[in-house]
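Residue-level structural notes
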Amino acid sequence: MSLDPTELIGNVTEIKSLTDYQKGSVVSRMVVNKKAGTVTAFAFEAGEGLSEHSAPFDALVIGIEGEAEIPIGGVSHTVREGDILIMPANVPHAVHPVTRFKMMLVLIHE
């Protein structure tokens, strides 16, 4: 992963290559970090995930690879490659990968 975020500007980049899996870890890579919002790529090893939390902004999840269960306010949603899911602001959610899972998370701070 040799490109830093400034090197991504104006270059075509394969979305799956933005993050690599790391045994026993969740890997994240900030792609865009602006006052208006952020875009972050995540790679989850199977069995790793994010515990329940909430955020003050709506969040868009884009499934890149694999499969995860994402509960939002107690209702579970399955997200796979090519799927999108909007998580509303201030509603508890978590990420529980079923397999290795890559996703893009878009937060709009407004």
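Residues numbered from 1 in each chain as written. Predicted model: local features only at pLDDT ≥ 70, side-chain atom pairs only at ≥ 80, totals over all residues. Heavy atoms only, no water.

Concerning the overall build of the protein
- From N to C terminus, the protein includes one helix and seven strands.
- In terms of overall dimensions, the protein is globule-like: its C-alpha atoms have a radius of gyration of 14 Å, near the 13 Å expected for 110 residues.
- Its C-alpha atoms put the protein at 40 × 35 × 25 Å along the principal axes.
- Every one of the 110 residues in the protein was classed for burial, and the buried ones make up 35%. (Helix = DSSP H or I, 4+ residues; strand = E, 2+ residues; numbered from the N terminus. Rg over C-alpha atoms; globule rule 2.2 N^0.38 Å. Buried < 20%, exposed > 50% of the residue type's maximum accessible area, 1.4 Å probe, protein only.)

Focus: the environment of E67
- Take E67: it is sitting in strand β4 (residues 59–72).
- Counting along the chain gives 34 residues from E67 to F101, while the straight-line C-alpha distance between them is 5.6 Å.
- Apart from the residues within four sequence positions on either side, E67 is in contact with T78, V79, R80, P97, V98, T99, R100 and F101. (Contact = heavy atoms within 4.5 Å.)

Remarks on the pairing of strand β1 (residues 26–34)
- With eight bridges joining them, β1 and strand β2 (residues 37–44) adopt antiparallel strand pairing. Paired with N33 across the two strands is T38, which belongs to β2. (Pairing = 2+ DSSP bridges.)

Let's talk about the environment of A68
- Relative to the helices and strands, A68 is located in strand β4.
- The residues touching A68, leaving out its near neighbours within four places in the chain, are H77, T78, V79, V95, H96, P97, V98 and F101.

What about the pairing of strand β5 (residues 75–80)?
- Pairing analysis gives six bridges linking β4 to β5, with the strands arranged antiparallel. Its bridge partner being in β5, E69 is matched across the sheet by T78.
- The antiparallel pairing of β4 with β5 creates a hairpin that spans two residues between the two strands, and G73 there sits at a positive phi of about 55 degrees.

Quick look at the packing of aromatic side chains
- Scanning the model with the defined rule gives two aromatic pairs in all.
- Residues F42 and F44 carry aromatic rings whose centres are separated by 5.8 Å and whose planes lie at 15 degrees to one another, so their mutual orientation is stacked. Each member of the pair, F42 as well as F44, carries the same accessibility label: buried.
- Of the aromatic side chains, those joined through ring pairs into one cluster are F42, F44 and F101.
- In this arrangement the basic side chain of K102 is found over the ring face of Y21, its NZ or CZ atom lying 5.0 Å from the centre. (Phe/Tyr/Trp six-rings, centres within 6.5 Å; stacked < 30°, edge-to-face > 60°. Lys NZ or Arg CZ within 6 Å of the ring centre and 35° of its normal.)

Things to note about the pattern of salt bridges
- Inspection of every chain in the model, using the stated rule, returns four salt bridges.
- Two residues, R100 and E45, come together in a salt bridge whose shortest N-O distance is 2.8 Å. Separated by 55 residues along the polypeptide, R100 in strand β7 (residues 93–108) and E45 in the loop between β2 and β3 (50–53) bring together distant segments of the chain.
- Residue classification places E45 among the buried residues on the basis of a relative accessible area of 13%.
- E67 is paired through a salt bridge with R80; the nearest N and O atoms lie 3.4 Å apart. A residue pair is termed long-range when its members are at least 10 positions apart, and E67 in strand β4 and R80 in strand β5 qualify at 13 residues.
- On the basis of relative accessibility, which here comes to 21%, the residue E67 falls in the partly exposed class.
- Residue classification places R80 among the partly exposed positions, given a relative accessible area of 42%.
- What you see here is one network of salt bridges that share partners, running through K16, E65 and E81. (Salt bridge = Lys/Arg side-chain N within 4 Å of Asp/Glu carboxyl O.)

Without other data, these values stay purely geometric and don't point to any function.
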